[in-house]
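Observations on the three-dimensional arrangement
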Amino acid sequence: MDSQTVDASPQAGAGNQPAAALKRNALGVLGILFFVLSAQAPLTGIAGAVPIAVAVGNGAGAPAAYALAGAVILLFSVGFVAMGRHVVNAGAFYTYIGKGLGRTTGSGSAAVALFAYCTVQAAMYGLYGYTVSGLVEHYSGTHIAWWVWTLVTMVVVQVLGAAGIELGAKVLAVFVLAEFSILLAFALVTFVKGGGPEGLDFGGTFSPSAVLQGAPGVALMFAVASMFGFEATAIYGEEAREPRKTVPRATYLSVAVVTGFFAFVSWMLVSSYGPSKVTAAAGKALAGGDSTVFVFAPIADQFGGWVNDVLPILLATSLFAGILAFHNSANRYLFSLSREGLLPGRLRTLNHRHSPWVAGLVQTAIAVLLVMPFALADKDPVLTLFSWFSGVGVLACMLLYFLTSVSVIVFFRRERLDTRLWNTVIAPALGALGIAAMIWVILANFTTLIGGATSTAVWLVLAVPAVLGLGAGTARLVHRR
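Residues numbered from 1 in each chain as written. Predicted model: local features only at pLDDT ≥ 70, side-chain atom pairs only at ≥ 80, totals over all residues. Heavy atoms only, no water.

Taking an unreviewed UniProt entry as the reference, the protein is identified by name as Amino acid transporter belonging to Streptomyces fuscichromogenes.

So this is what it looks like as structure tokens:
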């Protein structure tokens, strides 16, 4: 082992059996970037989150919330990348946290990471099933329940996940480029034309008075939710070409691209209506029961009515890409935990394409168990499944960000593998403070985030520390045995 590297990748699993290894040198910077952008589902984030951030949050100042959230995530990334140069493992979060805060805390965080990825994926399945069901009914006149499309898609995702990481990256690249391109084209055309009826009006969106109007905490909360998933860069470290270079580049590039994209596109959406009228327009769209109208209408005005036929389809493919990305992240967590001896050895079984297909089957089974109760209870897949699980998934991931930042500081103070103060102390500390503030904002507005009752919000919030404690307790029992 390199004297300057804490190598957490393939070691012997339980019973001293040789550990399986994921496929080496399979992904470059762009391949990893597409997985990250897929997890963020750009069109879903813009069409789903921006109207609410504008209407319920701080109106025309909502784009600034995306810039602020991106700045905090960038600070977090500095320490995250520093740790990634010395620890390469498909478990990412739990390995990083375990190196600094101890094996038990790390194992508990693994349970939280699995909980986050699986709940967010289940949430996306709900919105996806609803969207596809509506599209099929619109074009064919045939109504098929949303959960039928969800179950069919679970099979497709399982097949693609088992087919190998390269095929998954190519499929995601097509979907992501399609949705990314049309949104970016709209934003660039609007910008070049000088904005909407009130011009670009930079101050109307990014001035302190604009940012602090209304409820900026709500806008910040949705901005954070839209950026969830960038940390997947480290999950694919074992499968990356030259991970010490590829993972840092992919991490910084993904944070920069996602932050710039969401801030710029949302600013151009605000501009297309005008800062003085945008809040009312977003509120009208929400009151009408279809928030996507707020986003789709100005794009159609810019490019023509055909957009109204294409964008709903791209919304479905955006969700599909996100579902596949979270499937790959979750099954790699299961694979890594199995390799560490914390889960049954079968989960580290790889097929001829070096894909953890057994872990993928388990992840798919978890998705079925999370989704089907909502179908059997005849619950609205958007107002319950999507809203509840996306909220609790984001909260769980923010806890992981905070624990990772603290772990980075502890690890490098103890190991002294990297003595750069900015990378190992200052930036992680600032990131931890920013993330702690975001967690407080999310908790303060959690009922709004999930769109449910206070009692539902309380149970969902309590589920996160419960999962952390359950994971840590189970790991202690396994370690003792």
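Another aspect to go through is the overall build of the protein. If you tally the helices and strands in the protein, you get 20 helices and 0 strands. Here the protein holds 481 residues, and the buried ones make up 58% of them. Sequence-distant contacts, at least 24 apart, represent 82% of the contacts inside the protein between residues at least 6 apart. As displayed, the protein offers around 18,100 Å² of accessible surface, 67% of which is attributable to carbon and sulfur atoms. (Helix = DSSP H or I, 4+ residues; strand = E, 2+ residues; numbered from the N terminus. Buried < 20%, exposed > 50% of the residue type's maximum accessible area, 1.4 Å probe, protein only. Contact = heavy atoms within 4.5 Å. Areas by Shrake-Rupley, 256 points an atom, 1.4 Å probe, with all protein chains shown as cover.)

Moving on to the nonpolar core. The nonpolar side chains of soluble globular proteins are, as a tendency, buried together. Ranked by size, the top nonpolar core spans 129 residues in total, and within it Ile46, Phe93, Phe294, Met398, Tyr401, Ile442 and Phe446 carry the most contacts. Element by element, the count of residues in this core is highest for helix α5 (residues 103-140), at 16 residues. The residues contacting Ile46, other than those within four sequence positions of it, are Pro51, Leu183, Phe261, Phe262, Val265, Leu269 and Val295. (Core = buried A, V, L, I, M, F, W, Y, C linked by side-chain atoms within 4.5 Å.)

This paragraph deals with the pattern of salt bridges. If you walk through the whole model with that rule in mind, you get 1 salt bridge. Here Arg414 ties to Glu415 by a salt bridge, and the two come within 3.4 Å at their closest N and O atoms. Of the residues examined, Arg414 reaches a relative accessible area of 45% and is grouped as partly exposed. Here Glu415 falls in the partly exposed class, since its relative accessible area comes to 35%. (Salt bridge = Lys/Arg side-chain N within 4 Å of Asp/Glu carboxyl O.)

Turning to the packing of aromatic side chains, a few remarks are in order. Counted by the stated rule, this structure contains 19 aromatic pairs. Ring geometry for Phe180 against Phe261: centres 4.4 Å apart, planes inclined by 20 degrees, an arrangement best described as stacked. One end of the pair, Phe180, is in helix α7 (residues 165-192); the other, Phe261, is in helix α12 (residues 243-273), with 81 residues separating them in the sequence. Ring geometry for Phe202 and Trp267: centres 5.7 Å apart, planes at 85 degrees, overall edge-to-face. Here Phe202, found in helix α8 (residues 202-206), pairs with Trp267, found in helix α12; they are 65 residues apart in sequence, far enough to count as distant. (Phe/Tyr/Trp six-rings, centres within 6.5 Å; stacked < 30°, edge-to-face > 60°.)

What follows covers helix α13 (residues 278-287). Those residues of α13 lying buried are Val278, Ala282 and Ala285. Taken end-on, α13 shows its buried residues confined to a sector of 60 degrees, consistent with a single buried face. Across from the buried face of α13, at angles greater than 90 degrees, the exposed residues are Ala280, Lys284 and Ala287. (Arc of directions from axis to C-beta.)

Now for a nonpolar patch on the surface. Together, Leu421, Trp422, Ile426, Leu430 and Leu433 make up a nonpolar patch on the protein surface, roughly 500 Å² of accessible area in all. Turning to its location among the elements, Ile426 is positioned in helix α18 (residues 421-444). Classification of Ile426 as partly exposed rests on a relative accessible area of 39%. (Patch = residues over 30% accessible without salt bridge, like charges linked within 9 Å, V, L, I, M, F, W, Y side chains within 5 Å.)

At their nearest, the axes of helix α6 (residues 146-162) and helix α16 (residues 357-376) sit 10 Å apart, and the two run at 170 degrees to each other. With respect to their mutual orientation, α6 and α16 come out roughly antiparallel. For the pair α6 and α16, contact is made by Trp146, Trp147, Thr150, Leu151, Met154, Gln158 and Ala162 and by Trp357, Gly360, Leu361, Thr364, Ala367, Val368, Val371, Met372, Phe374 and Ala375, respectively. Split into classes, the residues belonging to the contact of α6 with α16 amount to 13 nonpolar, 4 polar and no charged. (Axes fitted to C-alpha atoms, helices over the stretch in contact; angles between N-to-C directions. Parallel < 35°, antiparallel > 145°, perpendicular 65-115°, else oblique. Nonpolar A, V, L, I, M, F, W, Y, C, P; charged D, E, K, R; others polar.)

By secondary structure assignment, the location of Thr153 is in helix α6. Beyond its immediate chain neighbours, meaning those up to four positions away, Thr153 contacts Tyr125, Tyr128 and Phe320.

Below, the discussion takes up the packing of helix α2 (residues 42-58) against helix α15 (residues 307-339). For the pair α2 and α15, interaxial distance at closest approach is 8 Å and the crossing angle is 115 degrees. Considering the relative orientation of α2 and α15, their crossing is left-handed. Contacts between α2 and α15 involve Pro42, Leu43 and Thr44 from the first element and Leu311, Leu314, Leu315, Ser318 and Leu319 from the second. Taken together, the residues of the contact of α2 with α15 sort by class into 6 nonpolar, 2 polar and no charged. (Left-handed = near helix turned anticlockwise from the far one by under 90°.)

Looking now at unusual backbone geometry. Notably, Asp378 is not glycine yet its phi reads approximately 55 degrees, a positive angle. Unusually for a residue other than glycine, Arg416 sits at a positive phi of about 55 degrees. Along the polypeptide, Arg416 turns up in the loop between α17 (381-415) and α18.

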